[in-house]
Every structure is written in C-alpha cells, then in structure tokens.
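Inside the fold
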Amino acid sequence: MTNEIVKKNGITFGVAIGIVSSLITALIYAIDLNLFTEWWIGVLSILTYLVLGIVLLVRTKKELNGVFTFKQAFTTYFIAIVVGILISVLFNILLFNVIDPSAKEAVNELIIKYTMNMMQKFGAPASAINEAIAKMRENDPYSPIELLKGSLFSIGFSSLFGLLLAAIFKSKSTQE
C-alpha cells in the first residue's frame with residue numbers, strides 16, 4: 001500500500017510539474033521570446049518546482065500517517081521530477097521542432113547575444129568571445145537530441161534537491 005501512495009503521488013505531481021513547466025514555456029513563447037534569457041524566470045521556475053516538491057512530500061507523508069522513510073521520500077520526489085521533466089521536454093520538442101521551428105532559431109540568437117554581452121561585461125577577450133559564439137552557432141540546443149540530453153542534466157540536478165528534501169521530510173524515528 002505504501003508503494004502505491006508513493007507511485008500515485010509521484011505520478012500525479014509529476015504530471016502537474018510537467019503541465020506547469022509547459023505552461024511557463026508557452027507563456028514565455030506567447031509574451032516575448034526575450035524572456036527566455038531572463039535570469040529571474042529561471043529562479044522563479046526553480047522556486048515553483050521546489051514548492052510543488054515540498055507540497056508533494058508533505059501530502060505523501062500525511063497520507064502515510066507520518067511514517068516516511070528517506071527512500072520513500074526520495075522515490076516520491078524522483079518519480080515526480082522524471083515525469084515532469086519528460087512532459088516538459090516533449091512539449092519543448094513539439095513547440096520548437098514541429099509547431100514553430102523558427103522560434104528556436106530566434107531564441108538561440110537571443111541567447112548568443114546575451115552570452116556575448118555578459119562575456120563583454122566580464123572583460124573576456126574578443127578571441128574567447130568569438131570562439132564561444134562560433135561554438136554556440138554550431139549547436140542546436142532545441143533539437144530533440146539536445147533537449148533529451150538536457151533532461152538528463154535536469155534530472156540529475158533535481159535529484160540533488162530530492163536528496164535534500166528527502167532528508168528533511170523523512171520520519172525522524174524511522175530506521176532504514
């Protein structure tokens with residue numbers, strides 16, 4: 001029974017995380033592509049996912065009558081982030097490769113300009129800037145393969161949060 005609650009909540013919140021992430025991307029796309037380069041959008045997204053993760057773990061612990069092992073807490077969070085990230089990546093693949101492939105070129109150019117400006121602000125030599133820009137132009141960060149590779153990084157990074165949250169939310173008296 002415990003395993004079913006962990007799976008059910010992980011999948012349910014994973015779908016919610018995927019939908020929220022897709023909605024954020026769709027809103028940025030609809031409002032202004034320049035928002036893809038704004039640092040505060042990234043921070044807001046991370047905070048949103050963190051809040052959803054906390055709500056997920058609080059709810060699951062409550063449904064388990066307060067008996068929540070580290071493994072259960074981490075597994076619940078991990079299922080949610082994997083499902084959420086996969087939904088988000090599938091949405092991004094559809095948006096940038098099927099619905100509007102020209103948007104990925106526009107966003108990539110905005111990111112290149114942003115990177116160039118940041119490198120100039122930090123006093124990077126022109127040769128380093130030119131080299132970085134050339135490498136960026138060779139890549140297609142919104143190709144299905146690159147988006148899937150990025151999802152692996154996201155799962156790894158999110159797992160670190162999961163480990164921390166699992167340590168915080170596990171029952172104090174449980175033994176593993």
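The rules behind the values
- Residues numbered from 1 in each chain as written.
- Predicted model: local features only at pLDDT ≥ 70, side-chain atom pairs only at ≥ 80, totals over all residues.
- Heavy atoms only, no water.
- UniProt positions renumbered as here; feature names shortened; annotations may be inferred.
- Helix = DSSP H or I, 4+ residues; strand = E, 2+ residues; numbered from the N terminus.
- Salt bridge = Lys/Arg side-chain N within 4 Å of Asp/Glu carboxyl O.
- Buried < 20%, exposed > 50% of the residue type's maximum accessible area, 1.4 Å probe, protein only.
- Expected span 1.5 Å × (residues − 1).
- Contact = heavy atoms within 4.5 Å.
- 1 Å grid on protein atoms, 1.4 Å probe; cavity = no way out; pocket = protein on both sides within 12 Å on 5 of 7 lines; lining within 4 Å.
- Points joined across faces, edges and corners; volume = space filled by probe spheres on them.
- Nonpolar A, V, L, I, M, F, W, Y, C, P; charged D, E, K, R; others polar.
- Polar contact = N/O pair within 3.5 Å; in protein donor to acceptor, adjacent residues only side chain to side chain.
- Axes fitted to C-alpha atoms, helices over the stretch in contact; angles between N-to-C directions.
- Parallel < 35°, antiparallel > 145°, perpendicular 65-115°, else oblique.
- Left-handed = near helix turned anticlockwise from the far one by under 90°.

**Observations regarding the UniProt feature "transmembrane region" (unreviewed entry) in the chain**
In the UniProt entry, the feature "transmembrane region" (unreviewed entry) is given for residues 12-31, 37-58, 78-99 and 151-169. With 100% helix and 0% strand, residues 151-169 has its two end C-alpha atoms placed 25 Å apart.

**Re the pattern of salt bridges**
Overall, the coordinates contain 7 salt bridges when judged by the stated rule. In this structure, Arg 137 and Glu 109 form a salt bridge, with 2.6 Å as the shortest nitrogen-oxygen distance. In this pair, Arg 137 sits in helix H5 (residues 126-138) while Glu 109 sits in helix H4 (residues 101-121), placing the two residues 28 residues apart along the sequence. Classification of Arg 137 as partly exposed rests on a relative accessible area of 48%. Each of Lys 8, Arg 59 and Glu 63 takes part in salt bridges that share partners, so that together they form one network.

**What about helix H6 (residues 144-169)?**
Compared with the 38 Å implied by 1.5 Å per residue over 26 residues, the 35 Å span of H6 between its first and last C-alpha is a close match. When H6 is considered as a whole, its buried residues turn out to be Leu 147, Ser 151, Ile 155, Ser 158, Ser 159, Gly 162, Leu 165, Ala 166 and Phe 169. Buried positions along H6 lie against helix H2 (39-63) and helix H3 (70-99).

**A few points about the layout of surface pockets**
Empty space among the atoms can be located by rolling a probe the size of a water molecule over them. Of the volumes computed, that of the largest pocket is approximately 1,200 Å³. Looking at side-chain class alone, the lining of the largest pocket contains 21 nonpolar, 11 polar and 1 charged residues.

**Things to note about the side chain of Thr 60**
Tracing the chain through its elements places Thr 60 in helix H2. Within polar-contact distance, the side chain of Thr 60 engages the side chain of Asn 9 at 2.9 Å.

**Side note on unusual backbone geometry**
One non-glycine residue with positive phi stands out, namely Asn 65, at about 60 degrees. Within the secondary structure layout, Asn 65 lies in the loop between H2 and H3. Asn 65 sits in the exposed class, given a relative accessible area of 70%.

**Here's the deal with the packing of H2 against H3**
Close contact between H2 and H3 brings their axes to 10 Å; oriented N to C, the two are set at 135 degrees. As far as their axial angle goes, H3 and H2 are oblique. Crossing geometry of H2 relative to H3 is assigned as right-handed. Packed against H2, whose contacting residues are Gly 53, Leu 56, Leu 57 and Thr 60, the element H3 presents Ala 73, Thr 76, Tyr 77 and Ala 80 at the interface. When its residues are assigned to classes, the contact of H2 with H3 shows 5 nonpolar, 3 polar and no charged.

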